[in-house]
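Residue-level listing of the chains:
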Amino acid sequence: MKNKNVLIIGCGISGFGAAKLCTHLNYKTFLTTIDPIEKSKRDILLDLEVQIEEGEHSISNLAGIDLIIKSPGVPPNINLLNEAKNRKISIVSEIEFASRFTNSHLIAITGTNGKTTTSTLLYHILKTAGLRVDLVGNIGKSFSESIIEGNFDYYVIELSSFQLEDIITFKPNISILLNLEKDHLDRYNNNFQKYVQTKLKIQMNQSEKDHFIYFADDINIHNHLKIIKANKYPFGNLNPNSIKYGGWLANDSINIKTIQNNFTMTIHNLALQGTHNFYNSMAASIAATSIGIKNEIIKKSLSDFKGVEHRLEFVRKISGINFINDSKATNCNSVYYALETIKSPIVWICGGVDKGNDYSLLKDLVINKVKTIICVGNNSKKIQNNFKSLVDNFMLVDTMKDAVKSSYSNAKPGDTILLSPACASFDLFKDYKERGQVFKSYVLEI
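All values derive from a computational prediction rather than experimental measurement. (Residues numbered from 1 in each chain as written. Predicted model: local features only at pLDDT ≥ 70, side-chain atom pairs only at ≥ 80, totals over all residues. Heavy atoms only, no water.)

Chemist: It is not clear to me how the sheet that holds strand 2 (residues 28–33) should be interpreted in this structure. Could you clarify?
Modeler: Whenever strands of a sheet pair, they do so through backbone hydrogen bonds, lying parallel or antiparallel. Across the sheet, five strands lie side by side as 3-2-1-4-5; this open sheet has parallel pairing. For this open sheet the edge positions go to strand 3 (51–54) and strand 5 (90–93), each flanked by a neighbour on one side alone. Strand-to-strand twist across the sheet, computed as the mean angle between neighbouring axes with direction ignored, equals 20°. Pairing geometry for strand 4 (residues 67–70) and strand 5, over four bridges, is parallel. Across the sheet, Ile68 pairs through a bridge with Ile91, a residue of strand 5. (Pairing = 2+ DSSP bridges. Helix = DSSP H or I, 4+ residues; strand = E, 2+ residues; numbered from the N terminus. Axes fitted to C-alpha atoms, helices over the stretch in contact; angles between N-to-C directions.)

Structure, rendered in structure tokens:
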């Protein structure tokens, strides 16, 4: 960059981390955000001599700017970005920016569902193996901030489609694409193919020296395999005789075969249960095996992994009733996995901001497994239209406190109360984490 004047748009985890890295590199740094910045963050930014604008995105911010770092939550077509494009100013994501300042081994993971579980599991395996590894990206810690800390030989990077929108040269050594289902269609003008193309950017700069691990049962991935240059490792419901390397289920075991190694592990010894989690375990195992992690380390890690908060998280059991926090399930596919995994009758708490859901894929599971639906929030019409006639009880409530109270009074010993919203949380909560914490707090008050 000629003058190293950088404008950061947005001040969430990504924007804040990018600002820290920019000042660490002695770039002149400007930051603009619509949302107010909390005092502790503002004090740090001012200490770093970052120039701040809050409450609007003024076009005047573009004067003299060489590079824009766009936070993933910022819509792509705001006036400031449109004008930046007219002026030919380069726009990158925080992931793209940070990747330019490390030579570490990068393992990038995306997919509509399962990316947090798979990323956390793979991090656990590498950590257990004694590697210097950090877990960054969509998981809650910015890549930029970790780069400043340094001292990591490996990065496991969870990536949302929003974070992949503005990559240019980002090139992971290993990329994992778990699945492609309809999600965030409100961001992509209800065009599923735009969403698919964005997800596929995870491998666009990979070469024949790199590895691409993918769910072979997903036709949306399969249709694009010819353009992928990296070594391909499929996993899923495969015939092992039809593939050179990859992962498959057979005889109640996951089976892994790579250039480095082969191994088998019975599914009953896996910490994560449910078919979707068997596939997540396969993807993480293929990645770990590909970088030379020993079988015994992988098997130990797969058996003692503690799981991810807000993803099918057991909260407590009261009077024979299980409470499960699956607040991270913000689309129908995630809810499908939850309903499929739970074997007992279900009282299902759902609702929030619909992102363009197709509820039809849940109908059979709801008919067979759900006895009561409790819908939280104002955005309930689609849920009512799809499910009200399929269950014994359908209730609308305004708050999470009412949802927990109503679910408990409508459950019997042996039932499971499942918070699995199928929707974003932005009508009542800051994010899925806050929603999950509030749910757990009310459960613990019973």
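Chemist: Would you take a moment to explain the nonpolar core for this structure?
Modeler: In summary, soluble globular proteins display a tendency toward joint burial of nonpolar side chains. Judged by nonpolar contacts, the single largest core of 54 residues is most densely connected at Leu122, Ile125, Leu126, Ile176, Ile213, Phe235 and Leu302. No other element matches the eight residues that helix 10 (residues 275–290) contributes to this core. Apart from the residues lying within four places of it in its own chain, the contact partners of Phe235 are Leu177, Leu178, Ile213, Tyr214, Phe215, Ala216, Asp217, Gly247, Tyr279, Met282, Ala283 and Ile286. Of all hydrophobic cores here, the second largest spans 32 residues; its members include Leu67, Ile95, Ala98 and Tyr155. (Core = buried A, V, L, I, M, F, W, Y, C linked by side-chain atoms within 4.5 Å. Buried < 20%, exposed > 50% of the residue type's maximum accessible area, 1.4 Å probe, protein only. Contact = heavy atoms within 4.5 Å.)

Chemist: Help me understand helix 12 (residues 332–341), please; the structure alone is not making it clear to me.
Modeler: Helical geometry: 3.6 residues make up each α-helical turn, so side chains three or four residues apart lie on a common side. Of all the 10 residues making up helix 12, seven are buried; the element is thus mostly covered by neighbouring parts of the structure. Those residues of helix 12 that are buried are in contact with helix 10, strand 17 (346–350), helix 13 (363–369), strand 18 (370–376) and strand 20 (416–419). The backbone nitrogen of Asn333 has a side-chain oxygen 3.1 Å away, supplied by the residue at the start of helix 12, namely Asn331. (Polar contact = N/O pair within 3.5 Å; in protein donor to acceptor, adjacent residues only side chain to side chain.)

Chemist: It is not clear to me how the environment of Ala329 should be interpreted in this structure. Could you clarify?
Modeler: If you trace the backbone, Ala329 turns up in the loop between strand 16 (321–325) and helix 12. The class for Ala329 is buried, based on a relative accessible area of 0%. Through-space distance from the C-alpha of Ala329 to that of Lys412 is 24 Å; in sequence the pair is 83 residues apart. Once residues within four sequence positions are removed from consideration, Ala329 is found in contact with Arg311, Ser334, Val335, Ser420, Pro421, Ala422 and Cys423.

Chemist: Whenever I open this one, the environment of Ser93 confuses me. Can you help?
Modeler: With respect to the secondary-structure elements, Ser93 resides in strand 5. Through-space distance from the C-alpha of Ser93 to that of Asp47 is 24 Å; in sequence the pair is 46 residues apart. In this structure Ser93 touches Ile69, Lys70, Gln163, Asp166 and Ile167, once residues within four positions along its chain are discounted. A distance of 3.4 Å separates a polar atom in the side chain of Ser93 from the backbone oxygen of Gln163.

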